[in-house]
Amino acid sequence: MTTLSDFALILISTIFVNNFVLVRFLGMCPFLGVTQKVENALGMSYAVVFVITLTAVLCWVVDHLILAPLGLGYLRILAFILIIAALVQLTETVIKKVSPVLFASLGIFLPLITTNCAVLGVPLLNLQKEYSFFESVVFGFGASVGSGMVMVLFASMRERIVDAEVPGMMKGSPVVLVTASLLSLAFMGFSGMVR
């Protein structure tokens, strides 16, 4: 039986210790592409939290209540991708209605959540770890919050870099990649907190 401390460990582990972006290197496209401004990163973070958490829930339900009982485990990835695509389409429609400005600023990166490997990684890792329903939900929520938090932190760092004096050959992509590396190293400091 899973205790409350087990859920807390899963949450802390996915947010800090095994962060999907900085430790597992999943979801790098939105991490590098949408983080020029904090507002964009925050909007993308909300979308990622929504999509990944619901993906964890729906994929667990579909796998355990439909695919596994019928012996259709070989259709998992296809089913998971269809669920993700539907959720991203729903998210895109909602953002377009609620905030057209955010929708325009996110541009192509919003529909690219469908191909974000972090979104597909969550249900696959849930299966690999044989998590229960609630563990899967906590894992998905933690992974998405960790990804969103890192995007917002990185965006705030990038906004400060724009105002900093950067040597000519380091401007643009080089300083962005060095900054991402330093942020990843900072998160490596959490290793050992949780297995």
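Numbering of residues starts from 1 in each chain and follows the order in which that chain's sequence is written. Reporting in this predicted model follows two pLDDT cut-offs: at least 70 for local features of residues, and 80 or more for side-chain atom pairs to be given and counted; totals over whole chains, interfaces and linings ignore these cut-offs and use all residues. Heavy atoms from the whole structure form the basis of all side-chain values; hydrogens and water molecules are not counted.

Enquirer: So what exactly am I meant to see when it comes to the side chain of Thr35 here?
Expert: In this text, helices come from DSSP runs of H or I with a minimum length of four residues, and strands from runs of E with a minimum of two, each type numbered from the N-terminal end. In this structure, Thr35 sits in the loop between helix H2 (28-33) and helix H3 (38-70). Pairing of N or O atoms within 3.5 Å defines a polar contact, subject to two protein rules: one partner must be a possible hydrogen donor and the other a possible acceptor, and residues neighboring in sequence count only if both atoms are side-chain atoms. For Thr35, the side chain forms a polar contact with the main-chain oxygen of Phe31, separated by 2.7 Å. At 2.9 Å, the side chain of Thr35 and the side chain of Arg158 are in polar contact.

Enquirer: Sorry if this is basic, but what is going on with the environment of Ile12 here?
Expert: For Ile12, the position within the fold is in helix H1 (residues 4-17). Exposure categories follow from relative accessible area, calculated using a 1.4 Å probe and restricted to protein chains: below 20% of the type maximum is buried, above 50% is exposed, and the middle band is partly exposed. The exposure class assigned to Ile12 is partly exposed, which follows from its relative accessible area of 32%. Taking the C-alpha atoms as reference points, Ile12 and Phe190, separated by 178 residues in sequence, lie 9.8 Å from one another. Every residue pair with non-hydrogen atoms within 4.5 Å of one another is taken to be in contact. Apart from residues no more than four positions distant in its own chain, Ile12 is found in contact with Val17, Met193 and Val194.

Enquirer: Explanation requested: the packing of aromatic side chains in the structure shown.
Expert: Aromatic ring pairs are described here by two measures, namely the spacing of the ring centres and the angle between the planes. Any pair of Phe, Tyr and Trp rings, taking the six-membered ring for Trp, is counted once the centres come within 6.5 Å. Such a pair is stacked with planes under 30 degrees apart, edge-to-face with planes over 60 apart, and tilted for the rest. The final tally for this structure, using the stated rule, is seven aromatic pairs. Their ring planes at 65 degrees and their centres at 5.8 Å tell us that Phe20 and Phe139 sit as a pair that is edge-to-face. Linking Phe20 in the loop between H1 and H2 with Phe139 in helix H7 (residues 133-163), this pair joins segments that are 119 residues apart in sequence. Here the two residues Phe20 and Phe139 agree in accessibility, since each one is buried.

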